[in-house]
Number of protein chains: 2
Amino acid sequence: MEKILIFGHKSPDTDSVVSAYVLANLEQKLGKNVEACRLGNLNKETKYVFDYLNLEAPTLIKEVEEKQPVILVDHNEFPQSVDGIQKASIMKVVDHHRIKEFETEEPLYYRAEPLGCTCSIIYKLYQENQVEITKEIAILMLSAIISDTLLFKSPTCTPEDKEIASKLQEIAGIDIEKYGLEMLKAGTDLSDSTAEDLIKLDAKEVMIGNFKAQIAQVNTASIPDVMKRQAELEVAIENMIQERELALFVLAITDIINSNSQVIALGEKADIVEKAYQVKLENHTALLEGIVSRKKQILPVLSSAAQ
Amino acid sequence: MEKILIFGHKSPDTDSVVSAYVLANLEQKLGKNVEACRLGNLNKETKYVFDYLNLEAPTLIKEVEEKQPVILVDHNEFPQSVDGIQKASIMKVVDHHRIKEFETEEPLYYRAEPLGCTCSIIYKLYQENQVEITKEIAILMLSAIISDTLLFKSPTCTPEDKEIASKLQEIAGIDIEKYGLEMLKAGTDLSDSTAEDLIKLDAKEVMIGNFKAQIAQVNTASIPDVMKRQAELEVAIENMIQERELALFVLAITDIINSNSQVIALGEKADIVEKAYQVKLENHTALLEGIVSRKKQILPVLSSAAQ
């Protein structure tokens, strides 16, 4: 039986890497020949998780051969997936996003639910298959849920995510608040990232109304620490606007402690941010109180304002 | 809460109509406001099932309004779905086909498994939600499985479909062989169908290599009964070839008792059938022994031969 490769999206976050790992563990327990992979370097948050457990991270891959059997986690859109995905043999998908730019030639197993985290769905797969969740696997899944929901504070977090986290906590036996904050803080150490890296760390290019935009996000425990670098960030953003012919670039600097985001908005359509949130951009920046989720609180709000 | 409409594909078969009915029953038991619908007239096989149980069939609909919440069963490709699907709000999909020409703007619940029948997946959803399956629901689900797998003889039938059918049989308390054969036979009564209707009853237009083809299928208990009408069928097929600019039309007349198919092949690429199955077309027709599944035994075999 040819080995099946399991991986999340490019520029992987904690949910993408951990979902590959824990789903691979489940498939192996069910007798399948699989290997967990990742499509990019670990970010500091994810590195914290694997170091904490003294585990080796999934294998780095860049492309797959034609007919390679694969399982996708935490994504489905081909532009976000591995190079060569169009000709791979997709056996299974486990995801919590919309479905777009995805197709297969053969029937497959597809499991998506509108939950806050892919690992919440994988938790259910362990239950349905009656496979035991070890302490290590529980800590991994909890880490992914904490990461995707910013410690349950993001509006993407559902009651089911919270229930599952509470069941996982019983197995994990850790202090969620303490561990979670340490983990999230580890991810906010941007001291050795260049401004160019920083605006690309977690950026999505999207159409807003009829113009092209990028919405990037970085987490921090201190907005002023990041804003100290405003001048060099704006140079990097202006270069990206030129390179990708964008009408708008929004960088959301999200305070994970107080659940606010400072945004830097540049480009000819930057005033859409003022209209969308009823704020005044001063020196290209404004504080958006209570805004932490790009998916729920930024993308749809900018889209509405553009109409 | 706005009512959610549940429906299968256009030109509905038994699995499409029954899946809408039994999933609606499950969602209602879980407190949801839903209605089972269908996108076309019942075929005779499906009519047999609803008459047998003295049940009213799902509501006929032709289109949906913008933002209408919907659940798709037994299909996902927009060209096979209701008019207006592009602007509907797709909440959920339960299906057993490949995924193609499908997309959503929002995360959704998507459950696909490579099983022989959508109802086998819905059976699992009843179990996972601990909702009781009544005798009536069991007979409906069994009917869909028997229909899609031709009484478990099609190569699309998996061991899991058989296991599920056996569990359903315990609840249904009917003689599967006897009931199933009666039901399949009811569907083979084509006496009041014109030749034009007959070649459209269950036809799929596909690309084979680089040319356009249609593969149609009708079930029968007696191949000679259908072949009596060969002359008028060929006239209807030639008209369809002209109208749709096809290079090939294959009509598979499938003997559900003996699991063979007599094919009528017309069009400039008709010789691909000879190459694919190592047979000689005489008077445009040949018997393909053991061939019953378009998905598994016709489409891929013709595609290989075309390369």
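Just so you know, these numbers come straight off a predicted model, no measurement behind them.

**What about the overall build of chain A?**
Here is step 1: The helix and strand tally for chain A stands at 11 helices and 11 strands.
Here is step 2: The C-alpha atoms of chain A give a radius of gyration of 19 Å, which matches the 19 Å a tight globule of 307 residues would have.
Here is step 3: With the principal axes as the frame, chain A shows a C-alpha extent of 60 × 45 × 35 Å.
Here is step 4: Counting across all 307 residues of chain A, residues that qualify as buried make up 58%.
Here is step 5: Looking at chain A alone, contacts between residues at least 24 apart form 63% of all its contacts between residues at least 6 apart.
Here is step 6: Element-wise, carbon and sulfur atoms account for 46% of the exposed surface of chain A, whose accessible area totals about 13600 Å².
Here is step 7: For chain A, the centre of its 33 positive side-chain charges and the centre of its 49 negative side-chain charges are spaced 2 Å apart.

**Overview of the side chain of Ser261(A)**
Residue and element names in this part refer to chain A.
Here is step 1: In this structure, Ser-261 sits in strand 10 (residues 260-266).
Here is step 2: With a relative accessible area of 0%, Ser-261 lands in the buried category.
Here is step 3: From its side chain, Ser-261 meets the backbone oxygen of Ile-291 in a polar contact 2.6 Å long.
Here is step 4: Ignoring any residue separated from it by four or fewer positions in sequence, one finds Ser-261 in contact with Ala-252, Ile-253, Thr-254, Ala-286, Leu-287, Leu-288, Ile-291 and Val-292.

**Digging into the relation of the copies chain A and chain B**
Here is step 1: Mapping chain A onto chain B calls for a screw motion: a turn of 180° about the axis and a shift of 0.0 Å along it, with 0.1 Å RMSD after fitting. What we have between these two chains is a two-fold relation. Of every C-alpha in chain A, the one belonging to Arg111(A) sits nearest the axis of rotation, 2.5 Å from it.
Here is step 2: When you check the interface residues of chain A against chain B, 100% turn up at the interface there too, and the contact is symmetric in its surfaces.

**A look at the domain arrangement of chain A**
Residue and element names in this part refer to chain A.
Here is step 1: The assigned domain composition of chain A is domain 1 (4-185) and domain 2 (195-306).
Here is step 2: Measuring from the centre of the C-alpha atoms in domain 1 to the corresponding centre in domain 2 gives 27 Å.
Here is step 3: Between domain 1 and domain 2, the contact holds 11 residues from the first and 12 residues from the second.
Here is step 4: Around 1000 Å² of area is buried between domain 1 and domain 2 when both sides are counted, 66% of it from carbon and sulfur atoms.
Here is step 5: Three residues stand out in domain 1 for area buried against domain 2, namely Leu-150, Lys-153 and Pro-155, and they jointly supply 44% of the buried area on that side.
Here is step 6: Classifying every residue of the side of domain 1 that touches domain 2 gives four nonpolar, five polar and two charged.

**What to know about the pattern of salt bridges**
Side chains carrying opposite charge are able to pair once their charged atoms draw close together.
Here is step 1: In the structure shown here, the tally under the stated rule is 41 salt bridges over all chains.
Here is step 2: Between Glu105(A) and Arg98(B) there is a salt bridge, with the nearest N and O atoms lying 3.5 Å from each other. In this pair, Glu105(A) is assigned in the loop between strand 5 (89-95) and strand 6 (109-112) and Arg98(B) in the loop between strand 5 (89-95) and strand 6 (109-112), connecting two distinct chains.
Here is step 3: For Glu105(A), a relative accessible area of 54% puts it in the exposed group.
Here is step 4: Here Arg98(B) falls in the partly exposed class, since its relative accessible area comes to 26%.
Here is step 5: The partner of Glu35(B) in a salt bridge is Lys3(B), and the shortest N-O contact between them spans 3.4 Å. Residue Glu35(B) is located in strand 2 (residues 34-38), and its partner Lys3(B) is located in the segment before strand 1 (4-7); the two are separated by 32 residues in the primary sequence.
Here is step 6: Glu35(B) sits in the partly exposed class, given a relative accessible area of 25%.

**So, the pairing of strand 7 (residues 203-208) of chain A**
Two faces make up the sheet, and in a regular strand the side chains alternate between them.
Here is step 1: Strand direction decides the pairing type here: strand 7 of chain A and strand 8 (residues 211-220) of chain A, joined by six bridges, are antiparallel. Counted as the bridge partner of Met207(A) is Lys212(A) from strand 8 of chain A.

**Re the interface of chain A and chain B**
Here is step 1: Between chain A and chain B, the contact holds 20 residues from the first and 20 residues from the second.
Here is step 2: Here chain A and chain B share an interface that buries about 1800 Å² over both sides, 56% of which is from carbon and sulfur atoms.
Here is step 3: On the chain A side of the interface with chain B, the three residues burying the most area are Arg98(A), Ile99(A) and Pro107(A), jointly 28% of the side's total.
Here is step 4: Linking chain A to chain B there are six salt bridges.
Here is step 5: The shortest N-O distance in the salt bridge between Glu105(A) and Lys100(B) comes to 2.5 Å.
Here is step 6: For the interface between chain A and chain B, the tally reads six residue pairs in polar contact (both at pLDDT 80 or more).
Here is step 7: Of all the elements, strand 6 of chain A adds the most residues to the side of chain A that touches chain B, at four residues.
Here is step 8: Here the residues of the side of chain A that touches chain B sort into eight nonpolar, three polar and nine charged.

**Digging into unusual backbone geometry**
Here is step 1: A positive phi angle, near 60°, is found at Ser259(A), a position not held by glycine.
Here is step 2: Its location among the elements puts Ser259(A) in the loop between strand 9 (248-255) and strand 10.
Here is step 3: The phi dihedral of Gln278(B) falls on the positive side, at around 55°, and the residue is not glycine.
Here is step 4: Note that Gln278(B) resides in the loop between helix 10 (271-277) and strand 11 (285-289).

Analysis parameters
Residues numbered from 1 in each chain as written. Chains lettered and ligands numbered in written order. Predicted model: local features only at pLDDT ≥ 70, side-chain atom pairs only at ≥ 80, totals over all residues. Heavy atoms only, no water. Helix = DSSP H or I, 4+ residues; strand = E, 2+ residues; numbered from the N terminus. Rg over C-alpha atoms; globule rule 2.2 N^0.38 Å. Buried < 20%, exposed > 50% of the residue type's maximum accessible area, 1.4 Å probe, protein only. Contact = heavy atoms within 4.5 Å. Areas by Shrake-Rupley, 256 points an atom, 1.4 Å probe, with all protein chains shown as cover. Lys, Arg positive; Asp, Glu negative; His and termini not counted. Charge placed at Lys NZ, Arg CZ, Asp CG, Glu CD. Polar contact = N/O pair within 3.5 Å; in protein donor to acceptor, adjacent residues only side chain to side chain. Least-squares fit on C-alpha atoms with pLDDT ≥ 70 in both. Domains from an automatic or database assignment. Buried area = accessible area lost by both parts, 1.4 Å probe. Nonpolar A, V, L, I, M, F, W, Y, C, P; charged D, E, K, R; others polar. Salt bridge = Lys/Arg side-chain N within 4 Å of Asp/Glu carboxyl O. Pairing = 2+ DSSP bridges.

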